[in-house]
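Single-letter residue listing:
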Amino acid sequence: MIRFEHVTKRYADGTTAVDDLSFEVAAGELITLVGPSGCGKTTTMKMVNRLIEPTGGRILLDGEDIAAADPVELRRRIGYVIQQVGLFPHKTVLDNTATVPHLLGRPRKQARARAAELLDLVGLDPSVYGDRYPDQLSGGQRQRVGVARALAADPPVLLMDEPFGAVDPVVREHLQNEFLRLQSTLHKTVLFVTHDIEEAVRLGDRIAVYGAGRIEQLDTPATVLGAPATPYTAEFVGADRGLKRLSVTPVEAADLEEPPVVRADDPADRAAARLAADDAPWAVVLDADDAPYGWVPAAALTGTAGEPAPKDATVRTHAHRMDAWLPLGAPLRQALSTMLQHDAGWIAVRDGDRHLGVLTPARLHSALRRATTADAAGTPRGEVALETVPAAGTVPGT
Ligand SMILES: Nc1ncnc2c1ncn2[C@@H]1O[C@H](COP(=O)(O)OP(=O)(O)OP(=O)(O)O)[C@@H](O)[C@H]1O
Ligand SMILES: [Mg+2]
């Protein structure tokens, strides 16, 4: 969709802002450009809508060299959220949002109706905020108006230059979530600039890590974090990149252990026989309606772990509560966090209403390895493997 071919930007004073850049953004893909201040992110972006002309190479949009395009026509296809939001201070929120469609020749009334829809889309009630002026909004609200305005002409391409830069981390996370939700339905082709690696990792289908004027690595978040291509990238993504990987790696069905499942209302002796047949030290316990109830050790069911089981006892009598669970596809970070919070050595994973299996620390570790594609190619990870994690299935909880 957007293709950079050996693109260079050298300013008159000799500064090389962008140096021989080649990469491609697929249709519907969101690439985050991340790197320190002055490394050429904004310059890269502004060359796409021709606010800056490259001094070498070319940029293709949908296969067409943009140098040959009419800049005004080009910008119709490209929404742009600039680094400092840049709302018109003397126009209301609604008029700010309606500006582009109106400029593009839509009747004012129609443009304003569309603007109201877009404000709604970014979570601002137009009847509350539409008539306010930008200085009557919080920073986060202003940034949402910036996003709504960029979407107003429904362009296939979005350039977003630190759109959530000026807000506190809580609001920022909220804006990021909303933006991800929007993107999952709009499927815009997006270049998103940030200098925050956390943001880059959360939002990007792929991340381009910039050094001075160059891309040091362009790959999926899991690979950039799991197998940084250069020492520069490793340092930029941070010493805690192993932890960050937890956020970008989802739990998959293949990661799960499948200890036996018994029902809370099953007779204890029948459950005990079931575990003995499987030679299983413990079982997952579900309610009658399949909701997670907890776990039960084999020893408790057979009465060998203390008080003998009464004849009419059910599994429930001996089970330990552990009703936390995760949906399939949840990030490993959430899995680990839940295990720590419940002081448990496993967490149940469900697909909708269906119990699938359990994730253990050992399986979590192998899931992390699985997620780094470069691992398969034999790239040294430079990490200590956690071979000492006890075999799964032996340590159900506390
Ligand atoms: N008009 C100009 N003339 C000379 N040098 C310029 C000009 N505009 C930008 N630069 C330089 O080009 C380099 C890249 O600037 P750019 O704005 O692309 O950085 P950036 O990665 O967006 O940084 P930040 O994170 O601070 O926004 C910087 O060294 C900057 O000083
Ligand atoms: Mg910039």
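Note that the coordinates shown come from a computational prediction; the quantities given were computed from them, not determined experimentally.

A. Inspection of the site of ligand 1 at higher detail. Of all residues adjacent to ligand 1, which total 13 residues, the nearest are Ser 37, Gly 38, Lys 41, Thr 42 and Thr 43. Within the side chain of Lys 41, one N or O atom sits 2.8 Å away from an oxygen atom of ligand 1. Contact between ligand 1 and Thr 43: an oxygen atom at 2.5 Å from a side-chain N or O atom of the residue. Here the shell around ligand 1 gets three residues from one element, more than from any other, and that element is helix 1 (residues 41-48). Counted by class, the shell around ligand 1 contains three nonpolar, seven polar and three charged residues.

B. Seen up close, the packing of helix 6 (residues 139-151) against helix 7 (residues 169-186). Following both chains from N to C, one finds helix 6 and helix 7 inclined at 20 degrees, their axes separated by 10 Å at the closest point. Classified by the angle their axes make, helix 6 and helix 7 are roughly parallel. Once helix 6 is placed against helix 7, the crossing between them reads as right-handed. Of the residues in helix 7, those touching helix 6 at Gly 140, Gln 143, Arg 144 and Leu 151 are Val 171, His 174, Leu 175, Glu 178, Leu 182 and Leu 186. Classifying every residue of the contact of helix 6 with helix 7 by side-chain character gives five nonpolar, three polar and two charged.

C. Region of the structure containing the packing of helix 3 (residues 93-103) against helix 6. It is at 7 Å that the axes of helix 3 and helix 6 come closest, and there the two elements cross at 30 degrees. Classed by the angle they form, the pair helix 3 and helix 6 counts as roughly parallel. In this structure, the crossing between helix 3 and helix 6 has a hand that is right-handed. In this structure, helix 3 uses Val 93, Asn 96, Thr 97 and Val 100 to contact helix 6, whose residues at the interface are Val 145, Ala 148 and Arg 149. Tallied by class, residues from the contact of helix 3 with helix 6 come to four nonpolar, two polar and one charged.

D. Highlighting the nonpolar core. Among the nonpolar cores identified, the biggest contains 30 residues, and Met 160, Phe 179 and Phe 192 are the most heavily contacted of them. Elements with a minimum of two residues in this core: helix 3, helix 4 (108-121), helix 6, strand 7 (157-161), helix 7 and strand 8 (189-194). Broken down by element, the residue count for this core peaks at five residues, all from helix 6. In this structure Met 160 touches Met 45, Val 81, Val 147, Phe 179, Val 190, Leu 191, Phe 192 and Val 193, once residues within four positions along its chain are discounted. Core analysis: the second largest hydrophobic core is formed by 28 residues, Met 1, Val 48, Leu 159 and Tyr 210 among them.

E. A look at the side chain of Thr 8. Relative to the helices and strands, Thr 8 is located in strand 1 (residues 2-10). Beyond its immediate sequence surroundings of up to four residues, Thr 8 is in contact with Val 18, Asp 19, Asp 20, Pro 54, Thr 55 and Gly 56.

F. Main features of the sheet that holds strand 13 (residues 292-297). With mixed pairing, the four strands of this open sheet are ordered in space as 11-12-13-14. In this open sheet, the two strands that pair with only one neighbour each are strand 11 (261-263) and strand 14 (320-321). The pairing of strand 13 with strand 14 spans two bridges and is classified as antiparallel. For Gly 294, the partnering residue across the bridge sits in strand 14 and is Arg 321. Sitting on the sheet, helix 12 (residues 268-278) is in contact with strand 11, strand 12 (282-286) and strand 13, with an inclination near 175 degrees to strand 11.

G. View of the sheet that holds strand 2 (residues 16-25). If you walk across this open sheet you meet the four strands as 2-1-4-5, and the pairing is antiparallel. What marks the edges here is a single partner per strand, and that holds for strand 2 and strand 5 (64-65). Note that strand 1 and strand 2 share six bridges and pair antiparallel. In the strand pairing of strand 2, Arg 3 is matched with Glu 24. Of the strands in this sheet, strand 1, strand 2 and strand 4 (56-61) touch helix 1, which is tilted by about 120 degrees from strand 1.

Calculation criteria
- Residues numbered from 1 in each chain as written.
- Chains lettered and ligands numbered in written order.
- Predicted model: local features only at pLDDT ≥ 70, side-chain atom pairs only at ≥ 80, totals over all residues.
- Heavy atoms only, no water.
- Near = heavy atom within 4 Å.
- Polar contact = N/O pair within 3.5 Å; in protein donor to acceptor, adjacent residues only side chain to side chain.
- Helix = DSSP H or I, 4+ residues; strand = E, 2+ residues; numbered from the N terminus.
- Nonpolar A, V, L, I, M, F, W, Y, C, P; charged D, E, K, R; others polar.
- Axes fitted to C-alpha atoms, helices over the stretch in contact; angles between N-to-C directions.
- Parallel < 35°, antiparallel > 145°, perpendicular 65-115°, else oblique.
- Left-handed = near helix turned anticlockwise from the far one by under 90°.
- Contact = heavy atoms within 4.5 Å.
- Core = buried A, V, L, I, M, F, W, Y, C linked by side-chain atoms within 4.5 Å.
- Buried < 20%, exposed > 50% of the residue type's maximum accessible area, 1.4 Å probe, protein only.
- Pairing = 2+ DSSP bridges.

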